Amino acid sequence: MRPTMIRLFLLCAAAAMAATCARPAQAPVAPPAFDLEEATIADLQRRMDTGQDTARSLVDKYLARIAAIDQDGPTLKSVIEINPEATAIADALDAERKAKGPRGPLHGIPVLIKDNIATADRMQTTAGSLALEGVRPPEDAFIVTRLRAAGAVILGKTNLSEWANFRSTHSTSGWSGRGGLTRLPYALDRNPSGSSSGSGAAAAANLAALTVGTETDGSITSPANNSGLVGVKPTLGLVSRHGIVPIAHSQDTAGPMTRTVADAAAMMPFLSRPDARDFMSLPPQALDYASLDSFEARGLRIGYLPSMGIGEQQTGHGIPAPPQHSPTSATPAQAWSGWFSQTWPLSRQAGQRGCSHSASSGSLETRRKRIAAPVVGSGWLSDWRRVRVGA
């Protein structure tokens, strides 16, 4: 290159750099105001009863919210797919409300569900994996059927730790090949935990009124903790697993992830019904889930297992570190034991009883795998094949 051309190139580059540096720094753009912020099921039903909103307007508002902060702005990446039929479903539910009244508390309420829960519609069910891209199961998961029958609008699918974090011993919570990495709404540089990462982040960011997650070991409760939510892992057998990508028959379940106890309680009667296709399904339960909102701790018995390595750092889900580490403790487990010793008197004052139990030797992670591996090996592929192709 000639010297003249080199000088010209350098002058142009310097001018471009000066113009860039002269631009004023842009302040972070605040998300647009959202009039459904922290709205509960009861709030949304009141808005529809008074005509302030309709199921269609709720869907439109949540879709705009998703576009503004999940797909743009802070880019939470908590929603992996939008239901293209959501607005049409909402319109039909509005017409039904006008003609017959609402079906119940979930009529017209937008719900986001985890992408390992099957839907027989125009959405995919992939567990976040590119390997299942394009898969559309022949029928809804049992809990999706229940939600639709209750009048809920399935707004879309949420991102997750790919394969519900059952793909590697070194996987990243909240990441999937299809959806990317979900971000924690309250601290964008922190991990939302998983594997129901998208359901947790979406609920915390008010991207839907309700979300549903699934759990084998901490996949609802851990992201709920990180996002400040109410996450319920129901007793095994209360909620059918039919149509949910499985990991372990002995532990898998689905459950609500919501911003209030009342909303979680409102969802449970529609999720917890017997299903003959789930061999662990329990008989009908006469449970008053609404009483969770005024739960009385007196008489509660709390147990812990010191020998199970409570407080050990685990990959993926993991048990959290104790609230306060003792500087003299050799291990986090000892710190937990010391913390429990200090809190038992306070628990007893509140009418609770505590007890500790011993457990067999071996690490906590090893014992988890002893439980899960034989079940997974025997039933995982055959079960999901039936969901995928109706075999």
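Structure: above.
These numbers come from a predicted model, not from an experiment.

## Re the pattern of salt bridges
Alright, step 1. Counted according to the given criterion, the structure contains 20 salt bridges.
Alright, step 2. With its nearest N and O atoms 2.9 Å apart, the salt bridge here joins Lys-61 to Asp-35. Note that Lys-61 is positioned in helix 3 (residues 55-70) and Asp-35 in the loop between helix 1 (3-22) and helix 2 (41-49), a separation of 26 residues in sequence.
Alright, step 3. Note that Glu-215 is salt-bridged to Lys-233, the shortest N-O span being 4.0 Å. Highlighted residues: Glu-215 in strand 6 (residues 210-215) and Lys-233 in the loop between strand 7 (230-231) and strand 8 (253-258), separated in sequence by 18 residues.
Alright, step 4. Judged by its relative accessible area of 6%, Glu-215 is buried.
Alright, step 5. Linked through salt bridges whose partners overlap, the residues forming this network are Asp-35, Arg-47, Asp-53 and Lys-61.

## Notes on the packing of helix 5 (residues 142-149) against helix 8 (residues 261-271)
The geometry of a pair of packed helices is captured by two quantities: the angle between their axes and the separation between those axes.
Alright, step 1. Their axes nearest at 9 Å, the elements helix 5 and helix 8 cross at an angle of 115°. Looking at the two axes, helix 5 sits roughly perpendicular to helix 8. Read as a crossing pair, helix 5 and helix 8 show a hand that is right-handed. Residues Ile-143, Arg-146 and Leu-147 of helix 5 pack against Met-267, Pro-269, Phe-270 and Leu-271 of helix 8.
Alright, step 2. Of the residues contributing to the contact of helix 5 with helix 8, the split by class is six nonpolar, no polar and one charged.

## Examining the side chain of Ser-161
Alright, step 1. Within the fold, Ser-161 resides in the loop between strand 3 (153-158) and strand 4 (175-176).
Alright, step 2. In terms of polar contacts, Ser-161 uses its side chain to reach the backbone amide nitrogen of Gly-174, at 2.8 Å.
Alright, step 3. Ignoring any residue separated from it by four or fewer positions in sequence, one finds Ser-161 in contact with Thr-172, Ser-173, Gly-174, Trp-175, Gly-194, Ser-195 and Ser-197.

## Focus on the nonpolar core
Alright, step 1. Ile-143, Leu-147 and Val-212 are the most contacted members of the largest nonpolar core, which totals 51 residues.
Alright, step 2. Taken together, the elements giving at least two residues each to this core come down to helix 2, helix 3, helix 4 (86-100), strand 2 (110-114), helix 5, strand 3, strand 6 and helix 8.
Alright, step 3. In terms of residue count, the dominant contributor to this core is helix 3 (six residues).
Alright, step 4. In this structure Leu-147 touches Leu-106, Val-111, Ile-113, Ala-152, Ile-154, Val-212, Met-267 and Leu-271, once residues within four positions along its chain are discounted.
Alright, step 5. By size, the runner-up hydrophobic cluster in this structure holds six residues, among which are Ala-203, Ile-220, Ala-224 and Leu-229.

Conventions and cut-offs
- Residues numbered from 1 in each chain as written.
- Predicted model: local features only at pLDDT ≥ 70, side-chain atom pairs only at ≥ 80, totals over all residues.
- Heavy atoms only, no water.
- Salt bridge = Lys/Arg side-chain N within 4 Å of Asp/Glu carboxyl O.
- Helix = DSSP H or I, 4+ residues; strand = E, 2+ residues; numbered from the N terminus.
- Buried < 20%, exposed > 50% of the residue type's maximum accessible area, 1.4 Å probe, protein only.
- Axes fitted to C-alpha atoms, helices over the stretch in contact; angles between N-to-C directions.
- Parallel < 35°, antiparallel > 145°, perpendicular 65-115°, else oblique.
- Left-handed = near helix turned anticlockwise from the far one by under 90°.
- Contact = heavy atoms within 4.5 Å.
- Nonpolar A, V, L, I, M, F, W, Y, C, P; charged D, E, K, R; others polar.
- Polar contact = N/O pair within 3.5 Å; in protein donor to acceptor, adjacent residues only side chain to side chain.
- Core = buried A, V, L, I, M, F, W, Y, C linked by side-chain atoms within 4.5 Å.

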